[in-house]
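# Chains, contacts and geometry: an overview
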Amino acid sequence: MTRLFVEILCVGAAIACFAWRPFIQSVSAFHLVSVHQSFRLCHHKVSKTSPNLLSCRRSPNSRRCLSSPLHSTMNNRRDEASTTIHVEDRKSEGVPSTWKEALQRFFLGESGPPLVVLSISWFAFTRLQLAETISIHDITIFILAIVVWWFQEYFFHRVLLHSPFEWFGKSIHRDHHEKSYFHVSIDPPALLLTWLFAAHFMLKSVLPWHLCLSSTIGYAVAGLYYEWSHYIVHTRVKAPTPSHENYFVGYISTAMSSMFSQMRDNHIRHHRVDDKYWYAFSVPAMDDLFTTNPEIKVLKRKESP
């Protein structure tokens, strides 16, 4: 009974996060309508008092107004405001440049990742309380869930986020591509929790309870690793410097540095070279497996006339 209550509470929290979206959108829409009405009233008053300000230079084959003193002034101010907004956004967003700043922003400055960590902790605690001991079946299903995430991550990115048809996920991903490469990219808590618990309930419907928990933990750990990796390669943080204190530490630090550099190189190519390639993330080798990791020189030769 307690288990069911906690699950319902977690799903309810995710739904509550989504419930704010229509309210925010309605407020924004009301604000935009008010601004539009104010502009129309101002335009009407100016046309009566100073008609020269609205005099247009028109295209010979069109009735469209190409320029006017008032329109030019407004366009200039709009461009200045847009530039100011982008600068302020960049300053306020505060893209981390050190590992300490990145860790603080990811785990303390955002609510999504800590909630995922708490969910994983609850799943792990619940699994340890069960009478069934952790067996080879638990370990196998844990690893299998991670591998499933790798394939899902690749094909979701390639097939859906870069799909030939329009849907809201593609439009959100398009906005992500249109931003400056260096920005804070962390999914909202509603999306993270809804995705996690949807997967949990699907696994619960086909697996015994103890294996469901083990697979959910593996799936959630892989998802959190992806969220962290995608976030960190979009920051200004540099690859960790390999340590040579001893063989073991040197091997681990070198591997981490190499993995980080490879993930960032792949993702920068996806953003800046050609978004039809380099879809993999957690495991860059997925691009090799599905032949979406071409040599840049070969790619340029194909594109050249």
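This text gives an overview of the structure that appears in the document. Counting restarts for each chain: residues are numbered from 1 in the order of the written sequence. Residue-level local features of this predicted model are given only where pLDDT is at least 70; pairs of side-chain atoms are given and counted only at 80 or more, and the full residue set underlies all totals for whole chains, interfaces and linings. Computation of side-chain values: all heavy atoms of the structure, hydrogens and water removed.

What follows covers the overall build of the protein chain. Each helix is a run of DSSP H or I of at least 4 residues and each strand a run of E of at least 2, with the numbering of both proceeding from the N terminus. Scanning the protein chain from N- to C-terminus turns up eleven helices and two strands. Moving toward the C terminus, one meets the helices and strands of the protein chain in the order α-β-β-α-α-α-α-α-α-α-α-α-α. Counting all 305 residues of the protein chain, 30% fall into the buried class. When the accessible area of the protein chain is evaluated, it comes to approximately 19,900 Å², of which 65% is carbon and sulfur surface. Only protein chains enter the accessibility calculation, which uses a 1.4 Å probe; a residue is then buried when its area is under 20% of its type maximum, exposed when over 50%, and partly exposed in between. Using the Shrake-Rupley algorithm and a 1.4 Å probe, accessible areas are obtained, with residue cover drawn only from the displayed protein chains.

The next subject is the pattern of salt bridges. Salt-bridge detection follows one rule: a side-chain nitrogen of Lys or Arg within 4 Å of a carboxyl oxygen of Asp or Glu. For the coordinates displayed, the defined rule picks out four salt bridges. Arg127 serves as the salt-bridge partner of Asp138, at 3.1 Å between the closest nitrogen and oxygen. Here Asp138 is found in helix α5 (residues 136–161), whereas its partner Arg127 is found in helix α4 (residues 112–129), with eleven residues between them in sequence. Using a relative accessible area of 3% as the deciding quantity, one classes Arg127 as buried. Close ionic contact of Glu166 with Arg174 constitutes a salt bridge, the shortest N to O distance being 2.8 Å. Overlapping salt bridges, with partners in common, bring together Glu166, Lys170 and Arg174 in one network.

Empty space within the largest pocket amounts to approximately 1,500 Å³. Detection works on a 1 Å grid of protein atoms alone, calling trapped sets that fit a 1.4 Å probe cavities and calling open sets with protein on both sides within 12 Å along at least five of seven lines pockets, with lining residues defined by an atom within 4 Å of a point. Surrounding the largest pocket, 47 residues form its lining, Ile172, Asp187, Pro188, Leu191 and Glu227 being those nearest its centre. When residues of the lining of the largest pocket are traced back to their parent elements, those giving at least two are α1 (2–49), α4, α5, α6 (168–178), α7 (189–206) and α8 (209–233). With nine residues, the single largest contributor to the lining of the largest pocket is α7. Grid points are joined across faces, edges and corners, and a volume is the space filled by probe spheres set on the points.

With that out of the way, let us pick up unusual backbone geometry. Unusually for a residue other than glycine, Trp278 sits at a positive phi of about 60 degrees. The residue Trp278 is located in the loop between α9 (247–272) and α10 (285–289) in this model. Judged by its relative accessible area of 0%, Trp278 is buried. Positive phi is not limited to glycine here, since Thr291 has a value of about 55 degrees. Structurally, Thr291 is set in the loop between α10 and α11 (296–303). The class of Thr291 is exposed, set by a relative accessible area of 67%.

In this section: the nonpolar core. If you look at the biggest cluster of nonpolar residues, it comprises 27 residues, and the most contacted ones within it are Phe123, Tyr231, Ile232 and Val233. Counting residues per element, the ones that place at least two in this core are α3 (99–107), α4, α7, α8 and α9. Counting residues per element, this core draws most heavily on α8, which supplies ten residues. Throughout, a residue-residue contact means that at least one pair of heavy atoms, one from each residue, lies within 4.5 Å. Apart from residues no more than four positions distant in its own chain, Tyr231 is found in contact with Pro96, Glu101, Ala102, Arg105, Phe106, Val184, Ser185 and Ile186. Counting six residues, the second-largest nonpolar core is a separate cluster that includes Ile146, Trp149, Tyr219 and Ala222. The definition of a nonpolar core used throughout is a set of buried Ala, Val, Leu, Ile, Met, Phe, Trp, Tyr and Cys residues joined through side-chain atoms within 4.5 Å.

Structurally, Ser135 is set in the loop between α4 and α5. Taking the relative accessible area as the measure of exposure, Ser135 reaches 25% and is therefore partly exposed. Taking the C-alpha atoms as reference points, Ser135 and Leu211, separated by 76 residues in sequence, lie 9.7 Å from one another.

Following the sequence through the fold, Glu153 ends up in helix α5. One buried charged side chain, Glu153, makes no salt bridge at all; its nearest oppositely charged neighbour is Arg158, positioned 13 Å away. Sequence-distant contacts of Glu153, that is, excluding residues within four places in its chain, are made with Tyr226, Ala280, Phe281 and Ser282. Charge counting follows a simple rule: Lys and Arg are positive, Asp and Glu are negative, and His as well as the terminal groups are ignored.

Moving on, we come to the side chain of Asp274. Relative to the assigned elements, Asp274 resides in the loop between α9 and α10. Of the side chains with opposite charge, Lys276 lies nearest to the buried Asp274, which makes no salt bridge, at 4.0 Å. Here a polar contact means two N or O atoms within 3.5 Å. Within protein one must be a hydrogen donor candidate and the other an acceptor candidate, and residues neighboring in sequence count only if both atoms are side-chain atoms. One polar contact links the side chain of Asp274 to the main-chain amide nitrogen of Lys276, over a distance of 2.9 Å.

By themselves, these figures tell us nothing about what the structure is for.
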